[in-house]
Amino acid sequence: MQGYKPGSIVLLQGVFGAGALKKLKVAKGMLVFVCEGRPSLEAGKVNSKALLARGITPTVICDNMAGFLFFKDMVKEVYLACQYADAGGALCDTGALICAVLAKRHNVPLKLMPAKHKTRFLGNPEDIVSFEGVRITPKGTKGYVPLVEWVPGKYLCKKSK
Amino acid sequence: MYESPLFWPAHIKGKTLFVLDETLVPSKMKYIPVKDVKGAVAVIRSMKTRAFGQFLVVLNTFLLELDARGDLVKHLEKVAGLLNNSRPTFPFAEVTGIIVAVARKAKANGADVRAAVAKTVQGFLAGIRERRLERVRQLAAALEYGDCVLTHCNVSGELAMAAAIAIKEGKKLKFFATETRPYMQGAKLTTWELAKAGAQVTVVADNTIGLLMAEGRVNKAVIGSDRSAANGDIANKVGSYQIAVLAHEFGIPLIVLTQPSKGVKSGEDMPIELRDADELLKFKGRAVFGTKTKGFYPGFDVVPHSLITKAIPIHAGL
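About the thresholds
Residues numbered from 1 in each chain as written. Chains lettered and ligands numbered in written order. Predicted model: local features only at pLDDT ≥ 70, side-chain atom pairs only at ≥ 80, totals over all residues. Helix = DSSP H or I, 4+ residues; strand = E, 2+ residues; numbered from the N terminus. Expected span 1.5 Å × (residues − 1). Buried ≥ 20, exposed ≤ 12 C-beta atoms within 10 Å, placed from the backbone. Arc of directions from axis to C-beta. Contact = placed C-beta atoms within 7 Å. Pairing = 2+ DSSP bridges. Axes fitted to C-alpha atoms, helices over the stretch in contact; angles between N-to-C directions.

A.B. asks: Go over unusual backbone geometry with me, naming the residues and quoting the values.
C.D. replies: Note the cis peptide between A:Arg38 and A:Pro39, where omega equals 5°. Positionally, A:Pro39 belongs in the loop between strand E2 (31–35) and helix H2 (42–53). In this chain, B:Arg181 is followed by B:Pro182 through a cis amide linkage whose omega measures 0°. Among the structural elements, B:Pro182 can be located in the loop between strand E5 (174–178) and helix H7 (185–196). Within the chain, A:Glu132 stands out as a residue other than glycine whose phi angle is a positive 50°. Take A:Glu132: it is sitting in the loop between strand E7 (130–131) and strand E8 (134–135).

A.B. asks: Can you explain helix H3 (residues 72–84) of chain B? Please cite residues and give values.
C.D. replies: All names here are of chain B. With 13 residues, H3 should reach 18 Å at 1.5 Å per residue; the first-to-last C-alpha distance of 18 Å fits that figure. Inspection of H3 places Leu76, Val79, Ala80 and Leu83 among the buried residues, and these make up the whole buried set. Down the axis of H3, the smallest arc covering the buried residues is 100°, so these residues share one side. Contacts made by the buried residues of H3 are with helix H1 (37–45), helix H2 (52–64), helix H4 (92–108) and helix H5 (113–142).

A.B. asks: Go over the sheet that holds strand E8 (residues 227–228) of chain B with me, naming the residues and quoting the values.
C.D. replies: All names here are of chain B. Pairing within the open sheet is antiparallel, and its 3 strands lie in the order E8-E9-E14. Each edge of the sheet is formed by a strand with only one pairing partner; in this case those strands are E8 and strand E14 (300–303). Pairing geometry for E8 and strand E9 (residues 234–237), over 2 bridges, is antiparallel. Residue pairing across strands places Ser228 opposite Ile234, the latter belonging to E9. Sheet strands touched by helix H9 (residues 240–249): E9 and E14. Its angle to E14, the strand with the most contacts, is close to 35°.

In structure tokens form, the structure reads like this:
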């Protein structure tokens, strides 16, 4: 894939605490890709800022593009922003389950790191009918905004300390 | 039958092709006048039209270019080349090749090239319209009472029209439409046309599909396709692959509207268009994630045939 080598990407899903991203190990030549995290886009904004502060230039993707990276064997490892974890699995920022299932299918290691904050279960439906404050959908369109989801333990291979 | 404006988003009147600007729907229904191949390539490349609309533009462009002076066959070959190179993932060459072949044959036989091409294009359009309507009826039949359907991007009017038929038959249906970043065709177009068809629709972020499936909130997924390979693999809007993988994981049937083709052997042979990253990094000219962040924007995914539960094909032959 034009300029991208197989196994050259560390993929981040969710909003991470600054401390977690400080500890993130990125080998030389590896790229860090960040899922943008609709509807707030907080993952793209906050993670990018923290990575730039470390001298790492992040590459933002839309939340629907993770699958492409896996399909092209570009992903070396995945980190999920985790709000709570136990033996049964982990409560993560929404979007984690997609990455978890993809990682399992493509045999890519999946790891947890602390999320920036604990969120409510559901966001405001108004958030998904607009983008950066601008109304996108037709008036009257319903929205559904789950902010967290459960990732069963069978998808997880290693938990962060 | 209810017909969505997205089902047939380009109409020729005289020497002008009027193409629905899908980037403005639903706030505006504005048609862009296209007078030649240059204008046609511009509306395709800028995604003013997309999916089936592009094929309408490609075919109708030959009608716009029939008055060229000089060697008409050579001119149509040049037109075909420009259209073929407008967006790499789409198999425009499979369509333009047919038209150019008709022109060459007419010339070789001493027939009227203009008349032969016009007749072919008009016949092709009429045929494909009927076959797409038939596909709408097949999709309507595949929707069952109580279905809660996940869809992605926009299926060029066909899902909304199928929903209208199914609802009229008394089937109770619900739809979840992914937003489909960065152009947001799901949030803008799919929600709009499903609501117009009388369907109940909810928009979700693209990252929500796992939860919808894991919690059993959807029991079927329906997507379109922009290209098919001989082995049944398809290319469709980016995001389709992860929907297919998760649907497979959670035992949810994936229905795909396809255009069978033997142009390439498998999905691996399909070139994937990488679009300008600014299309996802910027919104209304403003950098959303700061100015130092990079972006990556593949326009399409390949979905292997093994992940497709049911393909509803349209046969686009002449």
